[in-house]
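One letter stands for each residue in the lines below.
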Amino acid sequence: MNEVDYYYKMTGPSLSFLLADCEKSGSDQVGFLLGEDYNVLTKTVSDSEMSGEKMEKTIIVNSTMAINSPFLFCNNFGKVGRKNLKSLLGELEKDVVGWYSFRRNSNHVPLLRETLLHKQLWEYFSRISPCFLFCIVTASCNNTYSTHSYRYSFLNYSERFEPVSVSIINVGDISNTYRNTAMTSSSKIFQEIFDFNRGLKDVEIQEKVKIIKKCLQDEINSLAQKINEREIEIKRLKKEEKNNTNNCTDDESQRHGATSKTSTTVKPSFSNALKNSQSQKQIKKTTPQIQNTD
């Protein structure tokens, strides 16, 4: 049986974007960690000439996807809707390696709701369930709001949450050298373009470079189009949410006005009571009195 060791890494820019998205949010926020994973199989031979194999699985977080509200993919009871989650992630579903939760002025421990969500997300992303990450991010500031502090921790769930070590690529000990990191193998097309002999002429090399440039430009245009469509969808959802909020406010005010009208009662005014008393006095004065002549 092969032993499997898990290693977790995160790029510096992805950590910066994560903290920036948390800071820009007006309240608590959740999101997904996007990345890739690869396996390295190592064969070992012991002193007793016994051979063995060791599997190393590395998870790299290289991007994040912020979501303003968790209710976009779960209900008020914390039950995840798989259809909503699938439509929300779209093509990015295959790149999800974890999720995060951001809270302000809160304890740095998983909440019960977060535990329930993590279990369901863990089951949904079953292809990477043994190493599905959960990141807690909390923020606080001093009394003068001059110092803002951020704290983040990565956890893995196995009957209970346990902390895991995630190394930040190119962030750590100060050194003058750039630390390289293991990455996945490049695609076959990319290898074919650069797999040329030394006898190639400059014209052929330029043609291959033009092909690479065109492929990259097409990919950038495709990504820009997808981002534009997502921005339009976000604006539409925000407008729809605002209209629904206004409609709920109007309905509430109308119900409150109808209730106040039905609860009012007609009370006799002081002037009417005074007139009634004066009329009674006049009646008493005009009543004839019978005198006894005997």
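Structure shown above.
Here's a quick rundown of the structure. Keep in mind that what you see is a predicted model, and the values were worked out from it rather than measured. (Residues numbered from 1 in each chain as written. Predicted model: local features only at pLDDT ≥ 70, side-chain atom pairs only at ≥ 80, totals over all residues. Heavy atoms only, no water.)

Further remarks concern the pairing of strand S2 (residues 29-45). As defined by bridge partners, S2 adjoins strand S4 (residues 96-104) across 6 bridges and the pair is classed as antiparallel. Opposite glutamine 29, over in S4, you have phenylalanine 102 as the bridge partner. Relative to strand S3 (residues 51-67), S2 runs antiparallel, the two sharing 16 bridges. Each residue of the ladder has a partner; that of valine 40, found in S3, is glutamate 56. (Pairing = 2+ DSSP bridges. Helix = DSSP H or I, 4+ residues; strand = E, 2+ residues; numbered from the N terminus.)

Turning next to the pairing of strand S6 (residues 148-157). Bridge analysis of strand S5 (residues 133-141) against S6 gives 9 bridges, and the strand direction is antiparallel. Along S6, the bridge assignment pairs phenylalanine 134 with leucine 155. Connecting S5 to the next strand, S6, in antiparallel fashion are 6 residues, including tyrosine 145 with a positive phi near 60°. By the bridge criterion, 3 bridges tie S6 to strand S7 (residues 161-163) in an arrangement that is antiparallel. Of the residues in S7, the one forming a bridge with tyrosine 157 is phenylalanine 161. Between S6 and the antiparallel strand that follows it, S7, lie 3 residues; glutamate 159 among them carries a positive phi value of about 70°.

Per the stated rule, a full pass over the model turns up 8 salt bridges. Close ionic contact of lysine 57 with aspartate 37 constitutes a salt bridge, the shortest N to O distance being 3.1 Å. In this pair, lysine 57 is assigned in strand S3 and aspartate 37 in strand S2, connecting sequence segments 20 residues apart. With relative accessibility at 14%, the residue lysine 57 sits in the buried group. (Salt bridge = Lys/Arg side-chain N within 4 Å of Asp/Glu carboxyl O. Buried < 20%, exposed > 50% of the residue type's maximum accessible area, 1.4 Å probe, protein only.)

Over its 13 residues, helix H3 (residues 112-124) runs 19 Å from end to end, which matches the ideal 18 Å to within 8%, given 1.5 Å per residue. Residues of H3 that are buried make contact with S2, helix H2 (82-89), S4, S5, S6 and S7. (Expected span 1.5 Å × (residues − 1). Contact = heavy atoms within 4.5 Å.)

Turning our eyes to something else, we now look at the packing of aromatic side chains. In this description, a pair of aromatic rings is defined by centroid distance and the angle of the planes. One pass over the structure, following the stated rule, counts 8 aromatic pairs. Seen in terms of ring centroids, phenylalanine 32 and phenylalanine 73 are 5.7 Å apart; in terms of plane orientation they differ by 50°. Their pairing is tilted. Taken together, the positions of phenylalanine 32 in strand S2 and phenylalanine 73 in the loop between S3 and H2 put the pair 41 residues apart, joining distant regions of the chain. Classification of phenylalanine 73 as buried rests on a relative accessible area of 1%. Centroid distance tyrosine 124 to phenylalanine 125: 4.9 Å. Interplanar angle 85°. Geometry classified as edge-to-face. (Phe/Tyr/Trp six-rings, centres within 6.5 Å; stacked < 30°, edge-to-face > 60°.)

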